[in-house]
Amino acid sequence: MTTLDTLYQRGFDQSCRIGKAIKVRCSQCAALVINGIACHEIGCPNAFPYDCWQCGCELVQRKHQVCASCAESYEENENDR
Ligand SMILES: [Zn+2]
Ligand SMILES: [Zn+2]
């Protein structure tokens, strides 16, 4: 679910609620919503952090990085090999 808090965390710093709708706004780019997912423009300095690409739950500093808990299971799998 998209909430104002999660939008702020993801860099949409000027998001606001208008009635029942949430308006996605970023001070650094023309943020837009694609298929219900808020997106920054490419190269937007506010586009960090990203969601974990494994579970999507936590925010990580780099694209295609995983959150702490996913990184742990990741390392375990590596060691199994
Ligand atoms: Zn942006
Ligand atoms: Zn994760």
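1. Remarks on the overall build of the chain
Moving on, step 1. Secondary structure assignment for the chain yields two helices and six strands.
Moving on, step 2. Going residue by residue from the N terminus, the α and β elements of the chain occur as α-β-β-β-β-β-β-α.
Moving on, step 3. Evaluated residue by residue, the chain yields a buried proportion of 25% over its 81 residues.
Moving on, step 4. Intrachain contacts of the chain at a sequence separation of at least 6 include 17% that bridge at least 24 residues.

2. Here we look at the environment of Arg10
Moving on, step 1. With respect to the helices and strands, Arg10 occurs in the loop between helix H1 (4-9) and strand E1 (16-18).
Moving on, step 2. Its relative accessible area of 25% is what places Arg10 among the partly exposed residues.
Moving on, step 3. As for Arg10 and Cys26, which are separated by 16 residues in sequence, their C-alpha atoms are 9.8 Å apart.

3. Side note on the confidence of the model for the chain
Moving on, step 1. Mean pLDDT over the chain stands at 81; residues scoring 70 or higher make up 77%.
Moving on, step 2. Mean pLDDT values over the elements of the chain span from 67, in strand E6 (residues 59-60), up to 93, in E1.

4. What to know about the side chain of His40
Moving on, step 1. Within the secondary structure, His40 is located in the loop between strand E4 (37-39) and strand E5 (50-51).
Moving on, step 2. Polar contacts involving the side chain of His40 include one to the main-chain carbonyl oxygen of Arg10, which spans 2.9 Å.
Moving on, step 3. A polar side-chain atom of His40 sits 3.3 Å from the main-chain carbonyl oxygen of Asn46.
Moving on, step 4. When neighbours within four sequence positions are excluded, His40 is seen to be in contact with Arg10, Gly11, Phe12, Cys26, Cys29, Asn46 and Ala47.

5. Looking at the coordination of the zinc ion (ligand 1)
Moving on, step 1. Protein coordination at the zinc ion (ligand 1): the donors are Cys26 (SG), Cys29 (SG), His40 (ND1) and Cys44 (SG), at 1.9 to 2.3 Å from the metal.
Moving on, step 2. Coordination at the zinc ion (ligand 1) is tetrahedral, judged from the four donor atoms that bind it and the angles of 106 to 116° they form at the metal.
Moving on, step 3. You can call Cys26 buried: its relative accessible area is 7%.
Moving on, step 4. Note on Cys44: relative accessible area 4%, which makes it buried.

6. Here we look at the nonpolar core
Moving on, step 1. Judged by nonpolar contacts, Leu4, Leu7, Phe12, Val24, Cys26, Cys29, Ala31, Ala38, Cys44 and Ala47 together constitute the single largest core of ten residues.
Moving on, step 2. Residue contacts for Cys29: discarding those within four places in its chain leaves His40, Glu41 and Cys44.

Definitions and limits used
Residues numbered from 1 in each chain as written. Chains lettered and ligands numbered in written order. Predicted model: local features only at pLDDT ≥ 70, side-chain atom pairs only at ≥ 80, totals over all residues. Heavy atoms only, no water. Helix = DSSP H or I, 4+ residues; strand = E, 2+ residues; numbered from the N terminus. Buried < 20%, exposed > 50% of the residue type's maximum accessible area, 1.4 Å probe, protein only. Contact = heavy atoms within 4.5 Å. pLDDT = per-residue confidence, 0-100. Polar contact = N/O pair within 3.5 Å; in protein donor to acceptor, adjacent residues only side chain to side chain. Donors = N, O, S within 2.8 Å, 3.2 Å for Na, K, Ca; no water. Tetrahedral: all angles 85-135°; square planar, octahedral: opposite > 155°, others 65-115°. Core = buried A, V, L, I, M, F, W, Y, C linked by side-chain atoms within 4.5 Å.

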